[in-house]
Amino acid sequence: MKAKKLSLLSSILIALAAVLVVLSLYFPWWQMIFFAPQYPEGLNIIVYPNKLEGEIDIVNGLNHYIGMENFSEENFPELAYLSYLVIGLAVITLLTAILRKKSVLYGLIGLFIIGGSLGAWDLSRALRKFGTNLSPTAPIKIDPFVPPLLGHNTVANFVTESILGYGSYFLIAAFILLLIPLWKDRTR
Amino acid sequence: MKKWIPIASGLLAGFVAATISFADFSTSTNNQAASGSTKSDAEKVYVPFGEKDDYYLFASGGHSGQMFIYGVPSMRHIRTVPVFSQDSATGYGFDEHSKKMMGGYTWGDLHHPAFSETKGDYDGKYMFATDVGNSRAAAMDLETFTVKDIINVPNTSGPHCAAFVTENTEYMFLPTRFAVPIGSDYKPLDEYSQQYRGVMSAVTFDQNQEKLNIAYQVALPPWSYDLSDAGKKSSADWAVMTTYNTEEATTNLEINASQADRDFIVLFNWKELEKMVAEGQYDEVTGQKMIFPEKHKGGIYLVPVAKSPHGVDVTPDGKHFIASGKLAPSMTVFSFDKAFEAVKNQDFSGERNGIPILKYESVMEREVNPENALGPLHTQFDDKGMAYTTMFISSEIVKWDPKTGETLDRIPVQYSPGHSVAAEGDTVSPDGKWLIALNKIAKDSYLSVGPSHPESMQLIDINGKMKVIQSSPVNPEPHYAQIIKADKIKTIEVYPKDENNKLATYKQEDAKIVRNGNEVHVYGIAMRSKFIFDAKAKRPDVIEVNQGDKVFIHLTNTDFDEDITHGFAINSYNLNMEVQPGQTNTLEFTADKAGTFPLYCTNFCSALHQEMTGYFLVKPKN
Ligand SMILES: [Cu+2]
């Protein structure tokens, strides 16, 4: 027997997920805040899917003491094409909403999981690269370190705090919206 | 048993319990009731760490040529801003811009700071000051607390009774303290009355270009002009200033300028003078548009006043001006409206040096003479329009009501107050919280530092009965000061990038040294914690020139970060400048000494500040 089409409500939820995915482009996905005694207000590195924001120059200026490479958009080629991938994902999600096929939805969920894991892996790879590839001639020698994807870390006089941005929450919400139809249109 | 006993004892028990629980039995020695506050004096001036003062105090530094900035009520010294004197702490007077502004002078006598105003209220944009030592005026930007322009004022000598600005900063007037011949040419003192003039200058300030300019001058009689104030509200088009030595004495002024029973207040309408200039009623002398009052009539009047007057201050409502006697121990309240009426009716008692004199009786409202108060100098106002006058000789401040002349309060200060300043006390809306006495003498008040004692500022709480609650030793000389609400001042943290500035270098790889004949231009970068003068050189932090080269060092601080200021000094070359965050600054000099000269960052910038060095090598001529 042919699989029943997904319900209209499920289709709407999936379409809504597509909207959230597009929306996420306009918000930061990830953020790192640096606190030190002389920077109680915190210095920010804010990562959008297509750009970096925050007090990048100041952070770079301070990082040179420990021989860390500069954060810059050139150092993150992902930023050049990530937004296209996201738009592609949104289009596929919208298509899923239109096709209303469970098998396609399974595929899409798989895509979300793979994409999310790749993103997290890419970011942690970058963090490892920056934290462990310190210049041997740096004025201040510290042990290599890897800042966590989420949570605290302490380097020299700085405490860093890694957090998710609104963009990531939109993606997570989109993912949850994709899961609801699985439960709602489950075969009894 | 009577019924009321249990009820009464119940009530009593309840009352006792309540008292024990809630009453405060600590023996508080609260003797502050008179001042209407429960805070102790210490609490009133204590600004805990993490909090900031409510007001800025800008105090003239007299012959230090500098402006001293304090917080009120803490009286903490926050910053010294160099204006007319070199300052090696900030490289002021060494870098190109400030060196040019100072025009070869190395000191000044900074008097009478004045804030820019909008509708008679401080707008927090600029601060002006004048130099009695070398006849100049300066404008300080309050975004950066740095001087943007200094102007030399020709034909005058010592603008003492300035700066005072008109209600919307249209003009600041600079009348001279010392009369001199036009152009300061040589003229024998025997020809004083004919050849000397007390020129007053109308100076404008262009806020977009940050440039001072002289609009016109007035060749007043050869008298000494002492203090002044602009009108407010209904008197906004007018201004007043006191003058002494109407005797036109040329020697031993102590005696000879104190003979006439009456001197004058010069009352003038600057709108009318402006119109006269527009209509061409002036002479062109020494490149200035000069109004000669005996020739170009109108707009200027004399008001007789008790001899050798000092301060003259306009009340916040703009209705009255108060002159203080100095040698006559009284204050005189004059009415603007009465003066306008007299001008309209041409009610003159005669002329002096071609200027009409108004009748004293027709302008005067009342003479005020508090008992035994001697040497009245300057008057400030509170939020209720009450006047506070400093008494130089009797060392006190007297509070009185300009409407009735009644003495309301008096308080001794230590000692000899010249000016005083109330919070926004010369605006249309004074705050009425604090008054600071600017004392000329502080003997025995502080730890001894030898024969010359520091001067002092005393903070007086004027909420209720006056009380001195804080005393601060200060650098010479607290001449006059102004107090502005802290939230009116909006400073910047870093200089914004200016891509149009051809002297700026923002990218490390762009740092370069360009030779042009015997001119060497260095486009360099200062950053934590190194200099880069030539990005491509083997040693990017070295400048090498030939003896006799003209060297320009254009240095940009690329640390766009709050409070990261760099300095730049060359050993033994008597050179030193400052580059604030994001700023580009230029040093220009001739490399006349051959040799090896280390250069270094003077302004502590980071943990590796000590390593922020390089070399300036000057190859000898053979
Ligand atoms: Cu430095």
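Residues numbered from 1 in each chain as written. Chains lettered and ligands numbered in written order. Predicted model: local features only at pLDDT ≥ 70, side-chain atom pairs only at ≥ 80, totals over all residues. Heavy atoms only, no water.

Asks: Explain the nonpolar core to me, please; I cannot follow it from the model alone.
Replies: Generally speaking, a soluble globular protein has its nonpolar side chains buried in company with each other. All names here are of chain B. Formed by 27 residues in total, the largest nonpolar core has its most connected members in Phe173, Tyr216, Phe268 and Leu273. Elements that contribute at least two residues to this core include exactly β11 (196-206), β12 (211-220), β13 (224-230), β14 (238-244), β15 (262-269), α6 (270-278), β18 (300-306) and β23 (355-358). Ranked by the residues each element gives to this core, the list is headed by α6, at four residues. Excluding its chain neighbours within four sequence positions, the residues that come into contact with Leu273 are Met200, Tyr216, Val218, Phe268, Ile291, Gly298, Gly299 and Ile300. One finds Ile553, Leu555, Phe568 and Leu587 within the second-largest nonpolar core, a separate group that totals 26 residues. (Core = buried A, V, L, I, M, F, W, Y, C linked by side-chain atoms within 4.5 Å. Buried < 20%, exposed > 50% of the residue type's maximum accessible area, 1.4 Å probe, protein only. Helix = DSSP H or I, 4+ residues; strand = E, 2+ residues; numbered from the N terminus. Contact = heavy atoms within 4.5 Å.)

Asks: Whenever I open this one, the sheet that holds strand β3 (residues 77-82) of chain B confuses me. Can you help?
Replies: Two pairing modes exist for strands in a sheet, parallel and antiparallel, and in both the strands are linked by backbone hydrogen bonds. Residue and element names in this part refer to chain B. The strand order across the open sheet formed by four strands is β3-β2-β1-β33, and the pairing between neighbours is antiparallel. Both edges of this open sheet fall to β3 and β33 (481-485), since each of them pairs with a single strand only. Between one strand and the next, the sheet's axes are offset by a mean angle of 20°, whatever the strand orientation. Direction of pairing for strand β1 (residues 55-60) relative to strand β2 (residues 66-72): antiparallel, over a ladder of six bridges. Across the sheet, residue Ala59 finds its bridge partner in β2, namely Phe68. (Pairing = 2+ DSSP bridges. Axes fitted to C-alpha atoms, helices over the stretch in contact; angles between N-to-C directions.)

Asks: Honestly, the coordination of the copper ion in this entry has me stumped. Any pointers?
Replies: As a benchmark, a tetrahedral metal site with four donors has ideal angles of 109.5 degrees, while an octahedral site with six donors has ideal angles of 90 or 180 degrees. Every protein donor of the copper ion is accounted for by His566 of chain B (ND1), Cys601 of chain B (SG), Cys605 of chain B (SG) and Met612 of chain B (SD), and the metal-donor separations fall at 2.2 to 2.6 Å. Considering all four donor atoms around the copper ion, angles at the metal cover 95 to 128° and the coordination shape is tetrahedral. (Donors = N, O, S within 2.8 Å, 3.2 Å for Na, K, Ca; no water. Tetrahedral: all angles 85-135°; square planar, octahedral: opposite > 155°, others 65-115°.)

Asks: Sorry if this is basic, but what is going on with the environment of Val421 of chain B here?
Replies: Residue and element names in this part refer to chain B. Along the polypeptide, Val421 turns up in strand β29 (residues 417-422). Given a relative accessible area of 1%, Val421 falls into the buried group. Note: C-alpha distance between Val421 and Thr565 (144 residues apart in sequence) is 33 Å. If we ignore the near neighbours within four places in the chain, the residues touching Val421 are Leu57, Gln380, Trp434, Leu435, Ile436, Ala481, Gln482 and Ile483.

Asks: How should a negative patch on the surface be read in this particular structure?
Replies: Judged by side-chain charge, Glu41 of chain A together with Glu493, Glu562 and Asp563 of chain B come together as a negatively charged surface patch. Mapped onto the secondary structure, Glu562 of chain B falls in the loop between β38 (550-557) and β39 (566-570). (Patch = residues over 30% accessible without salt bridge, like charges linked within 9 Å, V, L, I, M, F, W, Y side chains within 5 Å. Areas by Shrake-Rupley, 256 points an atom, 1.4 Å probe, with all protein chains shown as cover. Salt bridge = Lys/Arg side-chain N within 4 Å of Asp/Glu carboxyl O. Lys, Arg positive; Asp, Glu negative; His and termini not counted. Charge placed at Lys NZ, Arg CZ, Asp CG, Glu CD.)

Asks: Where do I start with the confidence of the model for chain B in this structure?
Replies: Close reading of the predicted structure is inappropriate where its pLDDT is low. Predicted confidence across chain B gives a mean pLDDT of 91, with 94% of residues reaching 70 or more. This stretch, residues 16-35 of chain B, has a pLDDT under 50; its non-local contacts, to residues over four places away or in other chains, come to 14 contacts. (pLDDT = per-residue confidence, 0-100.)

Asks: Got a minute to help me understand the interface of chain B and chain A in this structure?
Replies: In many reports, interface size means the accessible area that the parts give up when they come together. Facing the six residues of chain B at the interface are six residues of chain A. Across the chain B/chain A interface, buried area totals approximately 610 Å², and carbon plus sulfur atoms make up 51% of it. When residues of chain B are sorted by the area they lose upon contact with chain A, Arg528, Asp561 and Leu608 of chain B head the list and together hold 65% of the total. Viewed at the interface, chain A and chain B are joined by zero salt bridges. Our count for the chain B to chain A interface comes out at five residue pairs in polar contact (both at pLDDT 80 or more). Residue composition of the side of chain B that touches chain A, grouped by class: two nonpolar, two polar and two charged. (Buried area = accessible area lost by both parts, 1.4 Å probe. Polar contact = N/O pair within 3.5 Å; in protein donor to acceptor, adjacent residues only side chain to side chain. Nonpolar A, V, L, I, M, F, W, Y, C, P; charged D, E, K, R; others polar.)

Asks: How should the packing of helix α3 (residues 78-99) of chain A against helix α4 (residues 102-132) of chain A be read in this particular structure?
Replies: Angle between the axes and distance between the axes are the two parameters that describe a pair of packed helices. Residue and element names in this part refer to chain A. The N-to-C vectors of α3 and α4 enclose an angle of 165°; their axes lie 10 Å apart at closest approach. Judged by the inter-axis angle, α3 sits roughly antiparallel to α4. Crossing hand, α3 versus α4: left-handed. Between α3 and α4, the residues in contact are Glu78, Leu89, Ile92, Thr93, Thr96 and Leu99 and Val104, Leu105, Leu108, Leu111, Phe112, Asp122 and Arg125, respectively. A class-by-class count of the residues in the contact of α3 with α4 yields eight nonpolar, two polar and three charged. (Parallel < 35°, antiparallel > 145°, perpendicular 65-115°, else oblique. Left-handed = near helix turned anticlockwise from the far one by under 90°.)

Asks: How should the pairing of strand β4 (residues 110-118) of chain B be read in this particular structure?
Replies: Successive residues of a regular strand alternate their side chains across the two faces of the sheet. Residues and elements named next belong to chain B. The buried count for β4 comes to eight of nine residues, which makes it a mostly enclosed element. Across six bridges, the pairing between β4 and strand β5 (residues 121-131) is antiparallel. Residue pairing for β5: Phe115 is matched across the bridge by Met127. Following β4, the chain reverses through two residues before pairing antiparallel with β5; Lys119 in that reversal takes a positive phi of roughly 55°.

Asks: It is not clear to me how unusual backbone geometry should be interpreted in this structure. Could you clarify?
Replies: The phi torsion of most residues other than glycine is negative, and most of the peptide bonds are trans. All names here are of chain B. Cis peptide bonds are those with omega within 30 degrees of zero, and the linkage from Val72 to Pro73 qualifies with 15°. Mapping Pro73 onto the fold places it in the loop between β2 and β3. In this chain, Gln414 is followed by Tyr415 through a cis amide linkage whose omega measures -20°. Its location among the elements puts Tyr415 in the loop between β28 (407-412) and β29. Positive phi, close to 55°, is recorded for Lys119, a residue that is not glycine. Checked against the element boundaries, Lys119 lands in the loop between β4 and β5. Residue classification places Lys119 among the exposed positions, given a relative accessible area of 66%. At Ser416, a residue that is not glycine, the phi angle is positive and equals roughly 55°. Look at Ser416 and you get buried, because its relative accessible area is 10%.

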